[in-house]
Amino acid sequence: FWDVHVQVLLSFGLLVAFLSRYGPGSATIIILTTAFSIQWAVLLQGMLHFFLNGKIYVGARSMVSADFCTAAVLISTGAVLGRLNPVQMLLLALLEVTLCSLNEYILLSLMGVSDSGRSLTVHTFGAYFGLMVSRVLYQPHQDKRKREEQQDRGHQADVFAVGSAPAPRPVLFPSGTIYLWIFWPSFTSTTSAHGNAENWAVLNTYFSLVASTVSTFILSPVLYEESTPRMVQIQDATLAGMAVMGMAGEMLVTPFGALIAGFLVGLISPLGFRFFTPVLHSRLKIQDTCGVHNTHGLPGVLGALLGTLLTLLATADTHGYRLELLFPLVAEGSRTIADQALIQLSALPLTLLFATLGGSFTG
């Protein structure tokens, strides 16, 4: 819980404080949104998951679950950063936590989907929910100044991403990217299958992280006229490398497979920023302030597809006793592995439907 909580507040929360005009205010609003979202998530998820004899039981599991839902809200705020006031942000949190909890309950409890690292229920849901809110709020004349502000990701962006504010500022902002490196394995493995000391989610996340970062160092000089990537680009690669392991992390990816997946998604993220983000704005009228589509949306979708493929390949011989931990309904014989893979795949369009409709209504 400690690792997940640090990750949500310091990594997710303070990574949005890069805009020179909105940075300090954004950090303040993020803390307010986090505090509100956690309380509302504990209540809603308590009624869905931890309700017994007329009471909501709270503990480490419920607190981690609330933090997961709060992370989805913070991802969404990245798409509309600098365009909502605190009251509007709280309204977004109120509605998104409600839909996020409902989506999670349907997927994990009713359908039996395996998504311990939350590729779908956090990364994909949060990204596309925020993008749809941004689309509804699109105002071409007012957004022109916002876009100019967004493009100001020079020195201040690197400073907030690496470690501290400029010298005149008395407050030191924690290092978002370094915290991502430290705590992401815990985030993806907290609710995964624990059978022994070999926690597959930690291992797979570990290798995906290093591969995505290396691929960004390789591709960035090709896309931009800079010999070394800026810290913001490394931050984006770190987010993408972890999001792709959300569903597949606890499955038998193997270190080699995790390296391949991380390397590929580390290429997709900068390519998305370079080519797809301008299309989002010019054609679809979606302003994505923090680029959540490239760091959470696309990697989350790819993570769901990778998890579906690994589910289809899962056997008792390869997984051993962990098959019962990962897919209890398959181990019981009430569901075949092909049925489980189909359920995993169907969870993706269902999540996208909840996110797009919910985001449109919220916007």
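Residues numbered from 1 in each chain as written. Predicted model: local features only at pLDDT ≥ 70, side-chain atom pairs only at ≥ 80, totals over all residues. Heavy atoms only, no water.

## Notes on the overall build of the chain
Part 1: Each helix and strand in the chain was counted, giving 16 helices and two strands.
Part 2: Counting every position in the chain, which comprises 363 residues, the buried fraction comes to 55%.
Part 3: Of the accessible surface of the chain, which amounts to about 15,200 Å², a share of 68% is contributed by carbon and sulfur atoms. (Helix = DSSP H or I, 4+ residues; strand = E, 2+ residues; numbered from the N terminus. Buried < 20%, exposed > 50% of the residue type's maximum accessible area, 1.4 Å probe, protein only. Areas by Shrake-Rupley, 256 points an atom, 1.4 Å probe, with all protein chains shown as cover.)

## A short note on the environment of methionine 132
Part 1: Here methionine 132 is to be found in helix H5 (residues 119-136).
Part 2: Leaving out residues up to four positions away in the same chain, methionine 132 has contacts with Ala355, Thr356, Gly359 and Ser360. (Contact = heavy atoms within 4.5 Å.)

## A closer look at the UniProt feature "transmembrane region" (unreviewed entry) in the chain
Part 1: Under the feature "transmembrane region" (unreviewed entry), the UniProt entry names residues 6-22, 29-52, 64-82, 89-108, 120-138, 204-224, 252-276 and 296-316.
Part 2: Secondary structure over residues 252-276 splits into 92% helix and 0% strand, and the C-alpha atoms at its two ends are 31 Å apart.
Part 3: The annotated region residues 296-316 carries 90% helix and 0% strand content, and the separation between its end C-alpha atoms amounts to 32 Å. (UniProt positions renumbered as here; feature names shortened; annotations may be inferred.)

## What to know about the packing of helix H9 (residues 200-223) against helix H10 (residues 231-243)
Part 1: Packing of H9 against H10 leaves a shortest axis separation of 8 Å and a crossing angle of 140 degrees. As far as their axial angle goes, H10 and H9 are oblique. H10 is crossed by H9, and the crossing has right-handed handedness. Taken together, the residues of H10 that come into contact with H9 (itself represented by Thr205, Ser208, Leu209, Ser212, Thr213, Thr216, Phe217 and Ser220) are Gln233, Ile234, Ala237, Thr238, Gly241 and Met242.
Part 2: Considering only residue class, the contact of H9 with H10 consists of five nonpolar, nine polar and no charged. (Axes fitted to C-alpha atoms, helices over the stretch in contact; angles between N-to-C directions. Parallel < 35°, antiparallel > 145°, perpendicular 65-115°, else oblique. Left-handed = near helix turned anticlockwise from the far one by under 90°. Nonpolar A, V, L, I, M, F, W, Y, C, P; charged D, E, K, R; others polar.)

## A closer look at the confidence of the model for the chain
Part 1: Confidence along the chain averages 84 in pLDDT terms, with 84% of residues attaining 70 or more.
Part 2: Confidence, read as mean pLDDT per element, is least for helix H7 (residues 155-162) in the chain (44) and greatest for helix H16 (residues 337-362) (96).
Part 3: Confidence drops under a pLDDT of 50 for residues 150-174, and excluding neighbours within four residues, the segment shows 51 contacts in the predicted structure. (pLDDT = per-residue confidence, 0-100.)

## Thoughts on the packing of aromatic side chains
Part 1: A complete count under the given rule lists four aromatic pairs for this structure.
Part 2: Within the aromatic cluster, the residues linked to one another by ring pairs are Phe68, Trp184 and Phe187.
Part 3: Just above the ring of phenylalanine 275 sits the side chain of arginine 274; from NZ or CZ to the centre is 5.5 Å.
Part 4: Between arginine 322 and the ring centre of tryptophan 200, over which it is positioned, the NZ or CZ distance is 4.0 Å. (Phe/Tyr/Trp six-rings, centres within 6.5 Å; stacked < 30°, edge-to-face > 60°. Lys NZ or Arg CZ within 6 Å of the ring centre and 35° of its normal.)

## Some remarks on the packing of helix H11 (residues 254-282) against helix H12 (residues 292-313)
Part 1: The contact between H11 and H12 brings their axes to 9 Å, and the two run at 130 degrees. In terms of axis orientation, H11 runs oblique to H12. Relative to H12, H11 is oriented so that their crossing is right-handed. The segment H11 lies against H12, with Ala261, Val265, Ile268, Ser269, Gly272, Phe273, Phe276, Thr277 and Leu280 engaging His293, Asn294, Thr295, Leu298, Pro299, Leu302 and Leu306.
Part 2: The residue inventory of the contact of H11 with H12, partitioned by class, reads 10 nonpolar, six polar and no charged.

## Remarks on the environment of leucine 267
Part 1: Relative to the elements of secondary structure, leucine 267 occurs in helix H11.
Part 2: Judged by its relative accessible area of 21%, leucine 267 is partly exposed.
Part 3: Contact partners of leucine 267, with chain neighbours within four places excluded, come to Ser215 and Leu219.

## Notes on the nonpolar core
Part 1: If you look at the biggest cluster of nonpolar residues, it comprises 69 residues, and the most contacted ones within it are Leu92, Leu107, Leu120, Phe187, Val292 and Phe327.
Part 2: At 10 residues, the largest contribution of residues to this core is made by helix H3 (residues 60-79).
Part 3: Apart from residues lying up to four places away in sequence, leucine 92 is in contact with Val73, Ser76, Thr77, Val80, Leu84, Phe129, Val133 and Thr362. (Core = buried A, V, L, I, M, F, W, Y, C linked by side-chain atoms within 4.5 Å.)

## Considerations on the pattern of salt bridges
Part 1: This structure, assessed with the given rule, holds one salt bridge.
Part 2: One salt bridge connects arginine 118 with glutamate 104, and the closest N-O pair in it is separated by 3.5 Å. With a gap of 14 residues between them, arginine 118 in the loop between helix H4 (86-110) and H5 and glutamate 104 in helix H4 connect regions that are remote in the sequence. There is no split in this pair, since arginine 118 and glutamate 104 are both buried. (Salt bridge = Lys/Arg side-chain N within 4 Å of Asp/Glu carboxyl O.)

## Digging into H12
Part 1: With 22 residues, H12 extends 30 Å between its outermost C-alpha atoms, agreeing within 8% with the 32 Å of an ideal straight helix rising 1.5 Å per residue.
Part 2: Counting buried positions along H12 yields 16 of 22 residues, so the element is predominantly enclosed. (Expected span 1.5 Å × (residues − 1).)

## Describing a nonpolar patch on the surface
Part 1: There is a patch of nonpolar side chains on the surface, built from Val214, Ile218, Phe256, Ile260, Phe263 and Leu264 and spanning about 570 Å² of accessible area.
Part 2: Ranked by residue count, the leading element in the nonpolar patch is H11, at four residues.
Part 3: Among the structural elements, isoleucine 260 can be located in helix H11.
Part 4: Of the residues examined, isoleucine 260 reaches a relative accessible area of 39% and is grouped as partly exposed. (Patch = residues over 30% accessible without salt bridge, like charges linked within 9 Å, V, L, I, M, F, W, Y side chains within 5 Å.)

## Points about H11
Every α-helix winds through 3.6 residues per turn, so residues three or four apart in the chain are directed the same way.
Part 1: Under the 1.5 Å per step criterion, the end-to-end length of H11 is 40 Å for 29 residues, consistent within 8% with the ideal 42 Å.
Part 2: The largest bend along H11 reaches roughly 50 degrees and is located at glycine 272.
Part 3: Listed as buried for H11 are Ala258, Ala261, Gly262, Val265, Gly266, Ser269, Pro270, Gly272, Phe273, Thr277, Leu280 and His281. (Bend = angle between axes of the 7 residues up to and from the residue.)

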